[in-house]
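If you want the building blocks of each chain, they are given just below.
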Amino acid sequence: MSAGGAFGGNRGARPVPPEKGVFPLDHMHQCDLEKKDYIGCLKSSGHQSENCRIFSKKYLECRMAKNLMAKQDLSELGFRNEGDLENPREENSGRIENGS
């Protein structure tokens, strides 16, 4: 058997933290309403997350407001502006596809 362990893992390697770091779980259920709204939207839309962006944004805003995650500009999380939530594909609507 190799020195790496029974399953090929390197037991001497140190774990690497996630890019965004860790964030506290919502043990006090401070953002449950927003979470339930988002999950409900996902279920009703066949798990099409684009249809639920407004709920996703509200959930992230709640987590930031309650210090359950680091405050960060929403543009860094994929939300450009309010219009994007209403019509996320509007910017492509004026484009004409070239079939050649």
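Residues numbered from 1 in each chain as written. Predicted model: local features only at pLDDT ≥ 70, side-chain atom pairs only at ≥ 80, totals over all residues. Heavy atoms only, no water.

With that out of the way, let us pick up the confidence of the model for the chain. When pLDDT is averaged along the chain, the result is 77, and 61% of the positions lie at 70 or above. Confidence scores differ between elements of the chain, with helix α3 (residues 82-86) showing the lowest mean pLDDT of 51 and helix α1 (residues 32-44) the highest of 96. Low pLDDT (under 50) marks residues 84-100, which in the prediction has 8 contacts with non-local residues, meaning those over four places away or in another chain. (pLDDT = per-residue confidence, 0-100. Helix = DSSP H or I, 4+ residues; strand = E, 2+ residues; numbered from the N terminus. Contact = heavy atoms within 4.5 Å.)

Time to look at the nonpolar core. One finds L60, M64, M69, L74 and F79 forming the largest nonpolar core, which totals 5 residues. Sequence-distant contacts of L60, that is, excluding residues within four places in its chain, are made with M69, L77 and F79. (Core = buried A, V, L, I, M, F, W, Y, C linked by side-chain atoms within 4.5 Å. Buried < 20%, exposed > 50% of the residue type's maximum accessible area, 1.4 Å probe, protein only.)

Below, the discussion takes up the state of the cysteines. Scanning all chains against the criterion turns up 2 disulfides. Disulfide pairing is shown between C31 and C62; the S-S distance is 2.0 Å. Across the S-S bond of C31 and C62 the torsion is about -95°, and the bridge reads as left-handed. Taken together, the residues span a long stretch of sequence, with C31 in the segment before α1 and C62 in helix α2 (residues 53-65) at a distance of 31 residues. In terms of burial, C31 and C62 fall into one category: buried. Paired by a disulfide, C41 and C52 hold their sulfur atoms 2.1 Å apart. Every disulfide takes its handedness from the sign of the S-S torsion; for C41 and C52 that torsion is -90°, giving left-handed. On the criterion of sequence distance, the pair formed by C41 in helix α1 and C52 in the loop between α1 and α2 is long-range, its members being 11 residues apart. Its relative accessible area of 11% is what places C41 among the buried residues. We classify C52 as buried; its relative accessible area is 0%. (Disulfide = S-S within 2.5 Å.)

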